[in-house]
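Inside the fold
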Amino acid sequence: MRFVDEFRDAELGQAVAGEILATVEPGRHYKIMEVCGGHTHSIYKYGIDDLLPSNVELVHGPGCPVCVIPMGRVDDGIAVAREPGVIFTCFGDMMRVPGSQGTLTEAKAAGADVRMVYSPLDALRLAKTNPDREVVFFAIGFETTAPSTALTLKRAKAENVPNFTVMCSHVTIVPPLRALLDSPDLRLDGFVGPGHVCTVVGARPFEFIPADYGKPVVISGFEPLDILQSVLMILRQLDEGRCGVENQYRRVVPYDGNGRALEVLSEVFELRPHFEWRGMGFISQSGLRINDAYAEFDTERRHEVPGVRVADPKACQCGEVLKGVIKPWECKVFGTACTPERPIGTCMVSSEGACAAYYNYGRFARERQVV
Ligand code: SF4
């Protein structure tokens, strides 16, 4: 297949759904986690869930970059944004994530100079055109976006831009998956692996899942047929009593990742001992920070970052949604107090968030035939 329409072919989709139906064991319940928020979005946009037999359940994972940012980190960002002379930059979604004292959008309305950018390079450009101001870029995301931050830092150093720093909140995908697999309240049968992250890290880092936990992983693309085929590949592994890492997204993901991007990451970043995840608490070695060679560009070393720790509001169940313990509509405030226009939790902010995907595509409940 070469063109995107071919990956959305309804007849082929029905054929793969038929193969899935023929592969599942009646009476057995299968729980498969799609790790990446991009997959969650595609699943509900294209109604992939409706093509699966009722005993195949897709569970959403922690792979939405905005969703995993804890409230305290937003408060930290707002504190920096309020400093005199600072231009605080971030991606658009991040401006709407609620902290305990409101959002960055509200901080902007109250006078802080907060600006939306499309890339870290935009922020660097802003620093160069505003030499009398301090420009801070709030960097979020998994290994997918971290290389662009790393390359921007390398350019800032090469061009000697003294008024640019990065508030690094990049995270890595393997530690939260291990935390989920160690969690007693979740039984999973397999994983649809995060295709975007794997374009950088490759498929190899996921080998611990079959090796240590005996579960299959299939690295998947984001079109409807990609996801259906990946689910089929997982079910076939289970049916044949084997488990391993398979790469459905070979047209994009090299098994060993992108060597140049990995090299740039290790040149600029190092692992933090701990990083806080929304609803999941502190997870060891799950966050990146800027290393000593780039210390002059580290917001946390150049500004007063309070390091705020805030518990999520009682009504918010983002943690359970991110761990796949509950479905979005099971949260008490879903679609009432919490909507994309007025989100309480992060999962309702980003289009990759499970709650936003359910809300936007009107999938509030699920009724399917029992096999
Ligand atoms: S509905 Fe809102 S508060 Fe509830 S889990 Fe989703 S984002 Fe969080």
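Presented here is an overview of the structure given in this document.

Tallied over the entire structure, the rule returns 27 salt bridges. With its nearest N and O atoms 2.8 Å apart, the salt bridge here joins arginine 125 to aspartate 122. Of this pair, arginine 125 and aspartate 122 are both found in helix α6 (residues 120-129), three residues apart, which corresponds to roughly one turn of the helix. For arginine 125, a relative accessible area of 48% translates into the label partly exposed. A salt bridge links aspartate 298 to arginine 301; the nearest nitrogen and oxygen atoms lie 3.1 Å apart. Accessibility expressed as a relative area gives 5% for aspartate 298, which makes it buried. According to the relative accessible area criterion, arginine 301 is partly exposed, its value standing at 41%. Shared partners join several salt bridges into a network, and the residues in it are Lys154, Arg260, Glu263 and Glu267.

Another point: the site of the ligand. As a structural note, the neighbourhood of the ligand is formed by Cys316, Gln317, Cys318, Val321, Cys331, Val333, Phe334, Cys338, Gly345, Cys347, Met348 and Cys355. Given that more than half its atoms are within 2 Å of the pocket grid, the ligand belongs to the largest cavity. Tallied by class, the residues present in the shell around the ligand amount to 10 nonpolar, two polar and no charged.

Considering only enclosed or pocket space, the largest pocket measures out at about 320 Å³ in volume. Every element with two or more residues in the lining of the largest pocket is listed here: β5 (134-141) and α9 (195-201). Looking at the lining of the largest pocket, its residues break down into nine nonpolar, seven polar and two charged. For the lining of the largest pocket, the two domains that each supply at least three residues are domain 1 (1-309) and domain 2 (318-358).

Reading guide: rules and limits
- Residues numbered from 1 in each chain as written.
- Predicted model: local features only at pLDDT ≥ 70, side-chain atom pairs only at ≥ 80, totals over all residues.
- Heavy atoms only, no water.
- Salt bridge = Lys/Arg side-chain N within 4 Å of Asp/Glu carboxyl O.
- Helix = DSSP H or I, 4+ residues; strand = E, 2+ residues; numbered from the N terminus.
- Buried < 20%, exposed > 50% of the residue type's maximum accessible area, 1.4 Å probe, protein only.
- Near = heavy atom within 4 Å.
- 1 Å grid on protein atoms, 1.4 Å probe; cavity = no way out; pocket = protein on both sides within 12 Å on 5 of 7 lines; lining within 4 Å.
- Sits in = over half its atoms within 2 Å of the grid points.
- Nonpolar A, V, L, I, M, F, W, Y, C, P; charged D, E, K, R; others polar.
- Points joined across faces, edges and corners; volume = space filled by probe spheres on them.
- Domains from an automatic or database assignment.

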